[in-house]
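Summary of structural features
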Amino acid sequence: MPHAVKLALALGLAHAVLVPAAAQAQEVLRLGGVIYGDHSSVRAINEVFIPEVEKNTEGRYTVEVYSNAELGGNAEIVQQTRNGTIFGAFVSSAWVTSYVPELGASGLPFLFESREDAFRAFDNESGDPVRAAMREAGFEPLGFMELGFRHITTSSKFIESPEDLAGMRIRLQANPVHMETFRLLGANPVQIDGGELFAALNQGVADGQENPYSVISMFKLDEAKQRYLTQSGHFYDILTFIGSKRMLDQMSEEDRAAILAAAEKATQLQRTYAAEEEQTFRSALLEKGVEMKELTPEQRAAFQQATAPLYETVANELGAEFVNGFVAAARGE
């Protein structure tokens, strides 16, 4: 057999062996979060996002979820996503705000009356500047999930007026708008990552904190001396489901579209789960002995009045047209 023919046959056989191997190659997309593994976000990602991604990319991509701070704290996970070290994260919007100041508009105090108000503001064109800013910062907005309305807990008393917060060390997330809100209320805000929160409260580093029922319950903060819960609903917290824009931009259009579609389905499912579970988590805290008290309309008005100047401050910083439009959408105006 001529040498050229032998060589051609050899190359053909090599190609036959290599092509199936390449076709079966699978890229792992890693997602990180601090939240516990049975949270509604993790459930929705496991039940919808993972199978949809694997099916609609024909196995070219698979997803691994790391909850419970397995890949680090909130700040680390967000940075890893931005750098493309991991594919994505599911974290409170507060931890993305340092890169995307526009998210601060959603952190304005007493802005949302219901979860529907929040989703209307994010899902419609009023949320376009936020999405554009996220992409500019290196993040692809995969979805705006629900973390929920945040309530104040302390180890010593209910918070029924701004004066009750005077000098108290209240743990907050890394959100400048949140921090300034509590400064206006007279508190001494301290920034502590979620993974360190239980120990900080237990050791008295902070006198109190604020979180949705789900986080308070899952992190067992009632066991960290947080026995008094004021149902203030002062912030509505979005759980940002973000991806690395760098990684998504390197994918084919088909795979990118499949991943974004899967994320949208997971986001809608998570919102449903979160709405269903809110009262379950509240009841669980009551059963564990946490005392609760809801603000009266008059008490709520006092908090709103004390924090009202922040709306103008944020509008000046982020642009009046954007902030006023976002606030109007949130209020259905």
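Computed from a predicted model, the values in this text were never measured in an experiment. (Residues numbered from 1 in each chain as written. Predicted model: local features only at pLDDT ≥ 70, side-chain atom pairs only at ≥ 80, totals over all residues. Heavy atoms only, no water.)

**Some remarks on the overall build of the protein chain**
Helix and strand content of the protein chain: 13 helices and nine strands. Each principal axis of the C-alpha atoms in the protein chain carries an extent, and together these give about 95 × 45 × 30 Å. Counting across all 333 residues of the protein chain, residues that qualify as buried make up 53%. Counting contacts in the protein chain only where the partners sit at least 6 residues apart, residues at least 24 apart contribute 77% of the total. Entry remark: accessible area of the protein chain is about 14,500 Å², with carbon and sulfur atoms responsible for 51%. (Helix = DSSP H or I, 4+ residues; strand = E, 2+ residues; numbered from the N terminus. Buried < 20%, exposed > 50% of the residue type's maximum accessible area, 1.4 Å probe, protein only. Contact = heavy atoms within 4.5 Å. Areas by Shrake-Rupley, 256 points an atom, 1.4 Å probe, with all protein chains shown as cover.)

**Observations concerning the packing of helix α11 (residues 297-307) against helix α12 (residues 309-318)**
As a packed pair, α11 and α12 sit with axes 5 Å apart at the nearest point and diverge in direction by 35°. Along the contact surface, α11 presents Gln-305, Ala-306 and Thr-307, while α12 presents Pro-309, Leu-310 and Tyr-311. Here the residues of the contact of α11 with α12 are counted per class, giving four nonpolar, two polar and no charged. (Axes fitted to C-alpha atoms, helices over the stretch in contact; angles between N-to-C directions. Nonpolar A, V, L, I, M, F, W, Y, C, P; charged D, E, K, R; others polar.)

**Description of the confidence of the model for the protein chain**
On average, residues of the protein chain carry a pLDDT of 92, and 92% of them reach 70 or more. The low-confidence segment residues 4-24 (pLDDT under 50) makes three contacts with residues lying over four places distant or belonging to another chain. (pLDDT = per-residue confidence, 0-100.)

**Some details on the side chain of Ser-92**
Note on placement: Ser-92 falls in strand β3 (residues 88-92). The buried category is assigned to Ser-92, whose relative accessible area is 4%. Side chain to side chain, Ser-92 and Gln-173 meet in a polar contact 2.8 Å long. Contact partners of Ser-92, with chain neighbours within four places excluded, come to Leu-147, Gln-173, Asp-237, Ile-238, Leu-239 and Thr-240. (Polar contact = N/O pair within 3.5 Å; in protein donor to acceptor, adjacent residues only side chain to side chain.)

**Regarding the packing of aromatic side chains**
Aromatic ring pairs: the centre-centre distance and the angle between the two ring planes describe each pair. Counting across every chain of the model gives 13 aromatic pairs. Pairing Phe-112 with Tyr-236 gives two aromatic rings, centres 5.9 Å apart and planes at 75°, and the pair type is edge-to-face. You can see Phe-112 sitting in the loop between β3 and α4 (115-123) and its partner Tyr-236 sitting in strand β8 (residues 228-244), a full 124 residues away along the chain. Taken individually, Phe-112 and Tyr-236 each receive the classification buried, so the pair is uniform in this respect. Ring geometry for Phe-122 against Phe-326: centres 5.4 Å apart, planes inclined by 85°, an arrangement best described as edge-to-face. With a gap of 204 residues between them, Phe-122 in helix α4 and Phe-326 in helix α13 (residues 320-330) connect regions that are remote in the sequence. (Phe/Tyr/Trp six-rings, centres within 6.5 Å; stacked < 30°, edge-to-face > 60°.)

**A closer look at the pattern of salt bridges**
Here the structure, examined in full by the defined rule, presents 22 salt bridges. Glu-140 is paired through a salt bridge with Arg-256; the nearest N and O atoms lie 3.0 Å apart. Of the two residues, Glu-140 is situated in strand β4 (residues 139-154) and Arg-256 in helix α10 (residues 253-287); the sequence distance between them amounts to 116 residues. A relative accessible area of 2% places Glu-140 in the buried class. A salt bridge links Glu-160 to Lys-293, with the shortest nitrogen-to-oxygen separation between them at 3.8 Å. A residue pair is termed long-range when its members are at least 10 positions apart, and Glu-160 in the loop between β4 and β5 (169-172) and Lys-293 in strand β9 (residues 291-294) qualify at 133 residues. (Salt bridge = Lys/Arg side-chain N within 4 Å of Asp/Glu carboxyl O.)

**Examining the nonpolar core**
Burial of nonpolar side chains together is a common tendency in soluble globular proteins. Grouped together as the largest cluster of nonpolar side chains are 84 residues, with contacts concentrated most on Phe-49, Phe-87, Leu-108, Phe-112 and Phe-241. With residues near it in sequence (within four places) discarded, Phe-241 still touches Leu-31, Ile-45, Phe-49, Ala-89, Phe-90, Glu-140, Pro-141, Leu-142, Gly-143, Met-145, Ala-263 and Thr-267. One finds Ile-152, Ile-159, Phe-235 and Leu-295 within the second-largest nonpolar core, a separate group that totals 14 residues. (Core = buried A, V, L, I, M, F, W, Y, C linked by side-chain atoms within 4.5 Å.)

**Thoughts on the layout of surface pockets**
Roughly 350 Å³ of internal volume is contained in the largest pocket. Around the largest pocket sit 17 residues that line it, and His-151, Gln-231, Gly-233, Glu-294 and Arg-300 are the ones nearest its centre. Mapped by element, the contributors of at least two residues to the lining of the largest pocket are β4, β8, α10 and α11. Class assignment for the residues of the lining of the largest pocket results in five nonpolar, six polar and six charged. Taken as a whole, the second largest pocket encloses approximately 200 Å³ of empty space. Taken together, 14 residues form the lining of the second largest pocket, with Arg-131, Leu-142, Gly-143, Phe-144 and Glu-264 sitting closest to its centre. Breaking the lining of the second largest pocket down by element, the ones donating at least two residues are α4, α5 (128-136), β4 and α10. Classifying every residue of the lining of the second largest pocket by side-chain character gives five nonpolar, three polar and six charged. (1 Å grid on protein atoms, 1.4 Å probe; cavity = no way out; pocket = protein on both sides within 12 Å on 5 of 7 lines; lining within 4 Å. Points joined across faces, edges and corners; volume = space filled by probe spheres on them.)

**Details of empty space enclosed by the protein**
Here the structure, examined in full by the defined rule, presents three cavities of 30 Å³ or more. Put simply, the largest cavity is a space of about 180 Å³. Forming the boundary of the largest cavity are 18 residues, of which Val-34, Ile-35, Asn-74, Gln-173 and Val-215 lie nearest the centre. Of all the elements in the fold, those that place two or more residues in the lining of the largest cavity are β3 and β4. Here the lining of the largest cavity is built from residues that sort into 10 nonpolar, six polar and two charged. What lines the second largest cavity is a set of 13 residues, among which Glu-146, Leu-147, Ser-214, Ala-274 and Glu-278 lie closest to the centre. Elements with a contribution of two residues or more to the lining of the second largest cavity: β4, α8 (213-218) and α10.

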